[in-house]
Amino acid sequence: MRPKIAAGNWKMNGTAAALTELHSLATGLPENPPQVVICPPSTLLFRATDATHGSPIQIGAQDCHTEGAGAYTGDISATMVADSGATHVILGHSERRDAHRETDADVQAKTCAAWAAGLTAIVCIGESEAERDADQTLDVIGAQLDGSLPDAVDAENTVIAYEPIWAIGTGKVPSIAQIEEVHDFMRARLTDRFGAEIGNALPLLYGGSVKAANAVEIFAVENVDGALVGGASLKAEDFAPIVAALAQS
């Protein structure tokens, strides 16, 4: 039985005042909530773990360096993330791959660093609109899975998030058939590489303009085990209905 996971990526949003949203979210969770992971900016990691202490909410970072320490001004290591009390880290988000030119090899190295620090890696993959229009989606997804995931993947150390780049923050959402096609493809690819036991146990999340209005339909897809949510995770009143929809799926 794969875990259901509702992850929120705050991106470069939020100051200390935003931590009240975590309290509001925690008090509004359903009786048997799915796993909830909020990934605030690194400046809030320590305070976010304090704010959620004793609640079901876990905290994650939005990135980490491949090295545990060193002369890397402005970066944050996986060891530092773990020291904050966080349990997860998002890796390979399309905004990192694009703006920071991160490659699949970079993502794989960061994933290994996350594991070494005891973190769960949320590894992101997804195609651009041009790649989708050129019918290259599955080729791109397959290549990213192959290149971004180390051989030691298992369901305890890794979550995979499919986020079509053209749907992130745009309001565009793939059809249910398109989401299903990609998630079924990922499941097959993972079982082929890692075996049925691991491949069928890895949680697969969907991300890209997920809202309360479409969450129920998305979570009904067989191989969708949750969501990685951007803007709608910033406010408890927007994110709580998504969490509730996942709990009921």
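Up top is the structure.
Everything quoted here is computed from the prediction, not taken from an experiment.

Peer 1: Explain the overall build of the chain here, please?
Peer 2: Counting its regular elements, the chain contains 11 helices and eight strands. In terms of overall dimensions, the chain is globule-like: its C-alpha atoms have a radius of gyration of 17 Å, near the 18 Å expected for 249 residues. Overall size of the chain, expressed as C-alpha extent along the three principal axes, is 45 × 45 × 35 Å. Considering the chain as a whole, with its 249 residues, one finds that 48% of them fall into the buried category. When the accessible surface of the chain is totalled, it reaches about 11000 Å², and 50% of it is carbon and sulfur.

Peer 1: Hey, could you run me through helix H8 (residues 176–194) in this one?
Peer 2: The α-helix advances 3.6 residues per turn, and as a result positions three or four apart in sequence lie on the same side. Between its first and last C-alpha, H8 extends 27 Å over 19 residues, near the 27 Å set by a 1.5 Å rise per residue. Downstream of H8 by one or two residues, Gly195 has phi in the positive range, about 95°.

Peer 1: It is not clear to me how helix H5 (residues 104–116) should be interpreted in this structure. Could you clarify?
Peer 2: For H5, built from 13 residues, the straight-helix expectation of 18 Å at 1.5 Å per residue is met to within 8% by its first-to-last C-alpha distance of 19 Å. Buried residues belonging to H5 abut helix H3 (78–83), strand E4 (88–91), helix H4 (94–99), strand E5 (120–125), helix H7 (137–148) and strand E6 (158–162). Immediately beyond the C-terminal end of H5, within one or two residues, lies Gly118, with a positive phi of roughly 85°.

Peer 1: Teacher, can you tell me more about the environment of Asp75 here?
Peer 2: Along the chain, Asp75 turns up in the loop between strand E3 (57–61) and H3. For Asp75, a relative accessible area of 40% corresponds to the partly exposed category. Counting along the chain gives 33 residues from Asp75 to Ser42, while the straight-line C-alpha distance between them is 9.9 Å.

Peer 1: Would you take a moment to explain the packing of aromatic side chains for this structure?
Peer 2: Each aromatic ring pair is summarised here by two numbers: the centre-to-centre distance and the angle between the ring planes. Considering all chains together, one arrives at one aromatic pair under this definition. With 6.1 Å between their ring centres and 55° between their planes, Tyr162 and Tyr206 make a pair best called tilted. One end of the pair, Tyr162, is in strand E6; the other, Tyr206, is in strand E7 (residues 204–206), and 44 residues separate them in sequence. For the residue pair Tyr162 and Tyr206, the accessibility class agrees, reading buried in each case.

Peer 1: What exactly am I supposed to notice about the nonpolar core here?
Peer 2: The nonpolar side chains of a soluble globular protein tend to be buried with one another. Among the nonpolar cores identified, the biggest contains 59 residues, and Ile160, Met186, Phe219 and Phe239 are the most heavily contacted of them. Here the element with the most residues in this core is helix H11 (residues 236–248); it accounts for six residues. If near-sequence neighbours (up to four positions away) are discounted, Phe239 is found in contact with Ala6, Ala7, Gly8, Leu25, Val36, Ile38, Val229, Ala232 and Ser233.

Peer 1: Help me understand the pattern of salt bridges, please; the structure alone is not making it clear to me.
Peer 2: Where charged atoms from two side chains of opposite charge approach closely, those side chains can pair. Taken as a whole and assessed by the stated rule, the structure comprises 14 salt bridges. Between Asp98 and Arg101 there is a salt bridge, with its nearest N and O atoms 3.6 Å apart. Given a relative accessible area of 52%, Asp98 falls into the exposed group. Where Arg193 meets Asp151, a salt bridge forms, and the shortest distance between an N and an O atom there is 2.7 Å. With Arg193 in helix H8 and Asp151 in the loop between H7 and E6, this residue pair connects regions lying 42 residues apart in the sequence. Given a relative accessible area of 32%, Arg193 falls into the partly exposed group. Overlapping salt bridges bring together Asp63, Arg96, Glu102 and Lys110 as one network.

Peer 1: Which parts of the structure should I look at to understand unusual backbone geometry?
Peer 2: Generally, phi is negative for residues other than glycine and the peptide bonds are trans, each holding for most cases. Even without glycine at this site, Lys11 takes up a positive phi of about 55°. You can call Lys11 partly exposed: its relative accessible area is 21%. For Asp135, which is not glycine, the phi torsion reads 60° and is therefore positive. Tracing the chain through its elements places Asp135 in the loop between helix H6 (129–133) and H7.

Rules of the game
Residues numbered from 1 in each chain as written. Predicted model: local features only at pLDDT ≥ 70, side-chain atom pairs only at ≥ 80, totals over all residues. Heavy atoms only, no water. Helix = DSSP H or I, 4+ residues; strand = E, 2+ residues; numbered from the N terminus. Rg over C-alpha atoms; globule rule 2.2 N^0.38 Å. Buried < 20%, exposed > 50% of the residue type's maximum accessible area, 1.4 Å probe, protein only. Areas by Shrake-Rupley, 256 points an atom, 1.4 Å probe, with all protein chains shown as cover. Expected span 1.5 Å × (residues − 1). Contact = heavy atoms within 4.5 Å. Phe/Tyr/Trp six-rings, centres within 6.5 Å; stacked < 30°, edge-to-face > 60°. Core = buried A, V, L, I, M, F, W, Y, C linked by side-chain atoms within 4.5 Å. Salt bridge = Lys/Arg side-chain N within 4 Å of Asp/Glu carboxyl O.

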